[in-house]
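Inside the fold
For reference, the chains in residue letters:
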Amino acid sequence: MKHSDVVVVGAGIVGASIACGIARQGVRVVLLDKRKAESRASLGNFGLVWVQGKGQGARRYAEWCHQASREFPEFVRQLLDETGIDIQYRKPGGLVLSHGEEEYLKRVTVLERLRSESRDGTYDCEMLDRQAVQRLTPKLELGANIVGASYSPHDGYLNPLALLRAVHVSFRQQGGVYHADSPVKRICYEKDRFVITTPQGQHSAEKLVIAAGLATESLAAMVGINAPVIPERGQLMVSARVQPMLSIPVSGIQQTVEGSFIVGLSNEKIGINTDTDSAIIKRMASRVRNAFPALGGLRIVRTWASLRVLTPDGLPIYQQSEACPGAFAVTSHSGVTLTPLHMNQVPEWIMKDIVPAEFDNFSSRRFHVEAVA
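Attention here is on the structure that accompanies the text. (Residues numbered from 1 in each chain as written. Predicted model: local features only at pLDDT ≥ 70, side-chain atom pairs only at ≥ 80, totals over all residues. Heavy atoms only, no water.)

Here the focus is the sheet that holds strand 12 (residues 230-239). Spatial strand order, 13-14-12-15: four strands in an open sheet with antiparallel pairing. This sheet does not close on itself; its edge strands, each paired only once, are strand 13 (253-255) and strand 15 (300-310). For this sheet, the mean angle separating the axes of adjacent strands, direction not counted, is 25°. Helix 7 (residues 278-291) contacts strand 12, strand 13, strand 14 (261-263) and strand 15 of the sheet and is inclined by roughly 55° relative to strand 12. (Pairing = 2+ DSSP bridges. Helix = DSSP H or I, 4+ residues; strand = E, 2+ residues; numbered from the N terminus. Axes fitted to C-alpha atoms, helices over the stretch in contact; angles between N-to-C directions. Contact = heavy atoms within 4.5 Å.)

Our focus in this paragraph is the sheet that holds strand 5 (residues 126-129). The three strands are arranged 4-6-5 in an open sheet whose pairing can be described as antiparallel. Only two strands of the sheet have a single neighbouring strand rather than two, namely strand 4 (94-99) and strand 5. If you compare each strand with its neighbour and ignore which way they point, the axes differ by 30° on average. Relative to strand 6 (residues 146-152), strand 4 runs antiparallel, the two being bridged by six bridges. Bridge pairing in strand 6 places L97 opposite A149.

With that settled, consider helix 2 (residues 59-83). An ideal rise of 1.5 Å per residue puts 36 Å on 25 residues; helix 2 measures up with 35 Å between its terminal C-alpha atoms. Remark: the principal bend of helix 2, roughly 45°, maps to F72, with a proline, P73, within the next four residues. Where helix 2 terminates, the next one or two residues include G84, which has phi positive at roughly 75°. (Expected span 1.5 Å × (residues − 1). Bend = angle between axes of the 7 residues up to and from the residue.)

With that settled, the discussion passes to the pattern of salt bridges. Going through the model one piece at a time under the given rule, you end up with 19 salt bridges. For R59, the salt bridge is made with E63, and the minimal N-O distance between the two is 3.1 Å. With R59 and E63 both in helix 2 and four residues apart, this pair spans about one turn of that helix. Taking the relative accessible area as the measure of exposure, R59 reaches 26% and is therefore partly exposed. E232 is the salt-bridge partner of R308, the closest N and O atoms lying 3.1 Å from each other. Taken together, the positions of R308 in strand 15 and E232 in strand 12 put the pair 76 residues apart, joining distant regions of the chain. Here R308 and E232 have matching classes, each one buried. Members of the salt-bridge network, linked through shared partners, are R59, R60, E63, R119 and E358. (Salt bridge = Lys/Arg side-chain N within 4 Å of Asp/Glu carboxyl O. Buried < 20%, exposed > 50% of the residue type's maximum accessible area, 1.4 Å probe, protein only.)

This next bit is on the packing of aromatic side chains. Evaluated as defined, the whole model comprises 13 aromatic pairs. Ring geometry for Y318 against W349: centres 6.4 Å apart, planes inclined by 90°, an arrangement best described as edge-to-face. One end of the pair, Y318, is in strand 16 (residues 317-320); the other, W349, is in helix 8 (residues 339-352), and 31 residues separate them in sequence. As far as burial versus exposure is concerned, Y318 and W349 are alike and both buried. (Phe/Tyr/Trp six-rings, centres within 6.5 Å; stacked < 30°, edge-to-face > 60°.)

A separate point is the pairing of strand 2 (residues 29-32). The side chains of a regular strand alternate between the sheet's two faces. By the alternation rule, side chains of strand 2 split into V29 and L31 and V30 and L32, which are all buried. Pairing geometry for strand 1 (residues 2-9) and strand 2, over four bridges, is parallel. Bridge pairing links V6 to V29 in strand 2. In this view, the connection linking strand 1 to its parallel neighbour strand 2 by way of helix 1 (residues 13-23) has right-handed handedness. (Right-handed = clockwise from strand over helix to strand, strands pointing away.)

The backbone of D181 sits at a positive phi, close to 55°, despite the residue not being glycine. Assignment of secondary structure puts D181 in the loop between strand 8 (177-179) and strand 9 (186-190). Its identity as a non-glycine residue notwithstanding, D192 has a phi of 60°, on the positive side. For D192, the position within the fold is in the loop between strand 9 and strand 10 (193-198). When its relative accessible area of 60% is taken as the criterion, D192 is described as exposed.

A few words now on the state of the cysteines. Under the counting rule described, the total for this entry stands at zero disulfides. No disulfide involves C65; its sulfur sits 13 Å from the nearest other cysteine sulfur, which is in C125. Of all cysteine sulfurs in the structure, the one in C324 sits closest to C188, which takes part in no disulfide; the separation is 9.8 Å. (Disulfide = S-S within 2.5 Å.)

Next comes the structure, spelled out in structure tokens:
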């Protein structure tokens, strides 16, 4: 049996970021995953570092995302210095286009709610009219139905696979040990330590972090944590490379540094299903053409689908087990956006019990519902 201070289960961007942050404290960390790092949900990640619109009815989550956005530039600099990997982070702000007056008014309502729920009655995101949006997309004429958009200066984008690779490299540089193809079959809590069984052998540790995507719920249950997660299918398509035309990310539409356009405009709760649906792909393509008619001539080179991990209310879970102290479950739909906090603040919570302000808002106890007689 191999012993370490901490075992982290799940080597996607959430688990790897937490493992890296813990390893930076001089702690012996083992990172386990059931697959190789290159074969996971990050393949379907849009790569947005996104703030606007998040946190309706959950002020602390809106603040959490804003804090991550503020810390991202320094986080990227440090990661580049450590690993030499450019994750292609850009922060030009971001747009959510309004296709018609109805969408525009709905977006106004979203921002007004976020503003009213904030601590000081402000929210740094504004509605732009059509002319202002066109000035931000000078090389692409807007479609006739675009009446405006919301704009946040805190939004940006990056290469999600480069981010994942850089975090893994940094983790190993800190002395972390990574075992791919090591699916966890059983977790036992005995004598104040955890014994984790995989087909390749057993690991023991004083602390355990479960950040295993869709497997989080079943694994967390082994240590007494309720962490409900559900799959959401997202379909994507990517174009051939073309000359730079769009220098600002639009929700669901962006041009990469290399020149390809990536489109991801679908959200489907249909269970474990990664098939593509041609009808949905066509609707996505139609919406792109309606936004920017000139993109109708793009040559699509690939379409695919991936599963995102959501909680029932869409908010993160950060929960320590009461039955098995030292075991933690973490899951978040905003794994890319929250990377700086997962690498810096969450390890402080896990290793030193330094709890971020109002962190209890992200406890899984919010899902405990008592029956009413």
